[in-house]
Amino acid sequence: SLGLIASQELALQHWYLLAAPPIIASYFFGFRGALAMSAFSILALLSLLPSSDFRFNQMTLLAERLAGAAVDPRQATSLVSQFTETISTSTQSSYVRALTGMGFITLCALLLGLSVDRRLKASLVLERTAAQFSRFMSPKIVNTIVEREGEIDLSSFSTRREVTLLFGDLRGFTTLSERLEAEDVVALLNDFFDAMTDEVLNGGGTLDKYIGDEIMAFFGDNDDGADHPQQAVACALAMQARMRELNVQWRAQGRETIQMGIGISTGIGIIGNIGSNLHT
């Protein structure tokens, strides 16, 4: 019985060991992990209370027998009463301290879990935003936006610089679209825009917009000192080569083929968002 009481007292003195799992869980699994482990730790701490009463009863019986055999019964009763009261008060005090400390640690773990959840959510939003931007901008520009997250207001961001514009549109598309079914027109445009956007991004350009059957991109928005007119010309040659590959593919599938024209112009431009607050 004395050994059980000692082990209980030792467990209450080292209650902080039960507080470690919620903190660890909150760091790795967020609020839900902290809540689950906190509930487990508190239940483990509460489980010591009913067992303490049982152990006190066992200790009392043992002390009565030992004291009754050695001293006067009245002295034995007084001794047992004082002994049990002292042990009980000490254990109850340890229990209160452990429960208070555990409550504080639980609160900290839950707050940490909320912070981790917000950070993970912000990271997920940033990753999704980067994935969306990567459809229109070169990887280097996307990385710059991600690295400077929170420092750039994209809704009002604009800058004046020399850039090179590239326009690529399909020749005779209107006439062709009149002969094709709507689904075939959409399939043709999707194939065309997928291929040409890849070439723009691979060439270091930034996709500006799609205009009907036309793709518009620009070069020179980087600060790496690259020769953006040369980049645009190289991109145009790559786009024409890719267009020939598309025509070979379409012809093999029994589909219509079409040609593309490209225009390039260099001058001063404003790079930024243009439009309403709801759509740019």
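Quick caveat: nothing in here was measured; it's all calculated off a predicted structure. (Residues numbered from 1 in each chain as written. Predicted model: local features only at pLDDT ≥ 70, side-chain atom pairs only at ≥ 80, totals over all residues. Heavy atoms only, no water.)

A. Broad picture of the packing of helix H7 (residues 182-202) against helix H8 (residues 228-252). Between H7 and H8, the least distance of the axes is 9 Å, while the angle of their chain directions is 150 degrees. As far as their axial angle goes, H8 and H7 are roughly antiparallel. Crossing geometry of H7 relative to H8 is assigned as right-handed. Between H7 and H8, the residues in contact are Leu 188, Asp 191, Phe 192, Ala 195, Met 196, Asp 198, Glu 199 and Val 200 and Cys 235, Ala 238, Met 239, Arg 242, Met 243, Leu 246 and Trp 250, respectively. Looking at the contact of H7 with H8, its residues break down into eleven nonpolar, no polar and four charged. (Axes fitted to C-alpha atoms, helices over the stretch in contact; angles between N-to-C directions. Helix = DSSP H or I, 4+ residues; strand = E, 2+ residues; numbered from the N terminus. Parallel < 35°, antiparallel > 145°, perpendicular 65-115°, else oblique. Left-handed = near helix turned anticlockwise from the far one by under 90°. Contact = heavy atoms within 4.5 Å. Nonpolar A, V, L, I, M, F, W, Y, C, P; charged D, E, K, R; others polar.)

B. Region of interest: H8. The end-to-end C-alpha distance of H8 is 36 Å, a good match for the 36 Å that 25 residues give at a rise of 1.5 Å each. Buried within H8 we find His 228, Ala 232, Cys 235, Ala 236, Met 239, Met 243, Leu 246, Asn 247 and Trp 250. One or two positions beyond H8, positive phi appears at Gly 254, with a value near 80 degrees. (Expected span 1.5 Å × (residues − 1). Buried < 20%, exposed > 50% of the residue type's maximum accessible area, 1.4 Å probe, protein only.)

C. Examining the pattern of salt bridges more closely. For the structure shown, the criterion picks out six salt bridges. Between Arg 171 and Asp 169 there is a salt bridge whose closest N-O contact spans 3.5 Å. Among the residues examined, Asp 169 registers a relative accessible area of 22% and is labelled partly exposed. A single network of salt bridges, built from pairs that share partners, joins Asp 198, Glu 199 and Arg 242. (Salt bridge = Lys/Arg side-chain N within 4 Å of Asp/Glu carboxyl O.)

D. Inspection of the nonpolar core at higher detail. One finds Leu 170, Phe 192, Met 196, Ile 215, Met 239 and Met 243 to be the most contacted residues of the largest nonpolar core, which totals 25 residues. Elements supplying a minimum of two residues to this core: strand E1 (158-171), helix H6 (173-179), H7, strand E3 (214-219) and H8. The element best represented in this core is H7, accounting for eight residues. Setting aside residues up to four positions removed in sequence, Ile 215 forms contacts with Leu 166, Phe 167, Gly 168, Phe 192, Phe 193, Met 196, Thr 197, Val 200, Leu 207, Lys 209, Tyr 210 and Met 239. (Core = buried A, V, L, I, M, F, W, Y, C linked by side-chain atoms within 4.5 Å.)

E. Structural detail: the side chain of Thr 197. Here Thr 197 is to be found in helix H7. Exposure remark for Thr 197: the relative accessible area of 6% places this residue in the buried category. Here Phe 193 takes part through its backbone oxygen, which lies 2.6 Å from a polar atom of the side chain of Thr 197. (Polar contact = N/O pair within 3.5 Å; in protein donor to acceptor, adjacent residues only side chain to side chain.)

F. Local environment of the pairing of E3. Of all six residues in E3, six are buried; the element is thus mostly enclosed. Note: strand E2 (residues 206-211) against E3, five bridges, orientation antiparallel. The residue bridging Tyr 210 from the neighbouring strand is Ile 215, located in E3. In this antiparallel pair of consecutive strands, E2 and E3, the connection spans two residues, and Gly 212 shows a positive phi of 65 degrees. (Pairing = 2+ DSSP bridges.)

G. The packing of aromatic side chains, seen in detail. Under the counting rule described, the total for this entry stands at three aromatic pairs. Geometrically, the ring pair formed by Tyr 27 and Phe 28 is edge-to-face, given 5.1 Å between the ring centres and 85 degrees between the ring planes. Seen in terms of ring centroids, Phe 193 and Tyr 210 are 4.2 Å apart; in terms of plane orientation they differ by 35 degrees. Their pairing is tilted. Here Phe 193, found in helix H7, pairs with Tyr 210, found in strand E2; they are 17 residues apart in sequence, far enough to count as distant. By the ring-pair criterion, three or more aromatic residues cluster together here, those being Phe 192, Phe 193 and Tyr 210. (Phe/Tyr/Trp six-rings, centres within 6.5 Å; stacked < 30°, edge-to-face > 60°.)

H. The environment of His 228, seen in detail. Topologically, His 228 is positioned in helix H8. Along the backbone, His 228 and Phe 218 are ten residues apart, and their C-alpha atoms lie at a distance of 8.7 Å. Apart from the residues lying within four places of it in its own chain, the contact partners of His 228 are Glu 162, Val 163, Thr 164, Phe 219, Gly 220 and Thr 266.

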